[in-house]
Amino acid sequence: AEEEIEVPGDLVERLRQTARRHQLTLNTLVQGAWALQLSGYSGARDVLYGTVFSGRPPELEGAEEMVGLFINTLPVRARLEGDMEVVPWLRSLQGELALAERFAHCPLVDIQSWSQVPAGRPLFESIVIFENYPVDASLEEGVAGMSFSQVEAFEPNNFPLTLVVTPAARTTVKVAYDTERFDAATARHLLAHYLHL
């Protein structure tokens, strides 16, 4: 199931300004808030979650000649120290995300085999998706006399908890969850905490 909230426009603008001022990406702020939330919920100072990378890394030989979707979910490890300052920690997290992107073309099964997590056990149980790709203008404008309205996408996955942030004219935060493990009230509570962070 899914729950979704809209982020107030003034908050989105303040986040964008903060990101620019500190030379961070909006994605880094999104990831940092998720890491803080996981830490707060679990009490762990070292959290692991997945994030989606898309695109063709320039260092992948022959990438420009390959056809297909280059989307992968990779692990992100965030360590939170008790006396950390937020901006330096976010810069460090941004660096970790940039390093992780080098492995965007590696299958997750290979990454798991390289880790110390035993086979058969999930590497992570929650993922963050920062959907910053533009919607084709033809969907909004119409094509040859046709128009589209109420376009929705349903993107199920096998993770118990998925946070999807879509920064657009109307910025939304959605949580998709496994109903065997979470209920709607818990999902709404999680979204409220995330928006607060």
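Our subject in this report is the structure included herewith. This is a predicted model, so every value here is computed, not measured.

Right, let's get into the layout of surface pockets. In this structure, the largest pocket spans a volume of roughly 1,200 Å³. Looking at the lining of the largest pocket, the elements that each hand over two or more residues are helix H2 (26–42), strand S2 (46–54), strand S3 (71–79), helix H3 (86–101), helix H4 (108–114) and helix H6 (184–196). Here the lining of the largest pocket is composed, by residue class, of 24 nonpolar, seven polar and eight charged.

One ladder, built from nine bridges, connects S2 with S3; its direction is antiparallel. The residue bridging Thr-51 from the neighbouring strand is Leu-74, located in S3. The sheet contact formed by S2 and strand S4 (residues 126–130) spans two bridges and is parallel. If you follow Thr-51 over to S4, its bridge partner there is Val-128.

Following the sequence through the fold, Thr-51 ends up in strand S2. Given a relative accessible area of 3%, Thr-51 falls into the buried group. At 2.7 Å, the side chain of Thr-51 and the side chain of Gln-31 are in polar contact. In this structure Thr-51 touches Gln-31, Asn-72, Thr-73, Leu-74, Val-76, Leu-97 and Val-128, once residues within four positions along its chain are discounted.

Ranked by size, the top nonpolar core spans 44 residues in total, and within it Trp-34, Tyr-49, Leu-163 and Tyr-194 carry the most contacts. When residues in this core are grouped by element, the largest group, seven residues, is from H2. With residues near it in sequence (within four places) discarded, Tyr-194 still touches Val-30, Ala-33, Trp-34, Gln-37, Leu-163, Val-165 and Val-173.

All right, on to unusual backbone geometry then. Of note, the phi angle at Gln-23 is positive, near 55 degrees, even though the residue is not glycine. With respect to the helices, strands and loops of the structure, Gln-23 is situated in the loop between helix H1 (9–21) and H2.

Calculation notes
- Residues numbered from 1 in each chain as written.
- Predicted model: local features only at pLDDT ≥ 70, side-chain atom pairs only at ≥ 80, totals over all residues.
- Heavy atoms only, no water.
- 1 Å grid on protein atoms, 1.4 Å probe; cavity = no way out; pocket = protein on both sides within 12 Å on 5 of 7 lines; lining within 4 Å.
- Points joined across faces, edges and corners; volume = space filled by probe spheres on them.
- Helix = DSSP H or I, 4+ residues; strand = E, 2+ residues; numbered from the N terminus.
- Nonpolar A, V, L, I, M, F, W, Y, C, P; charged D, E, K, R; others polar.
- Pairing = 2+ DSSP bridges.
- Buried < 20%, exposed > 50% of the residue type's maximum accessible area, 1.4 Å probe, protein only.
- Polar contact = N/O pair within 3.5 Å; in protein donor to acceptor, adjacent residues only side chain to side chain.
- Contact = heavy atoms within 4.5 Å.
- Core = buried A, V, L, I, M, F, W, Y, C linked by side-chain atoms within 4.5 Å.

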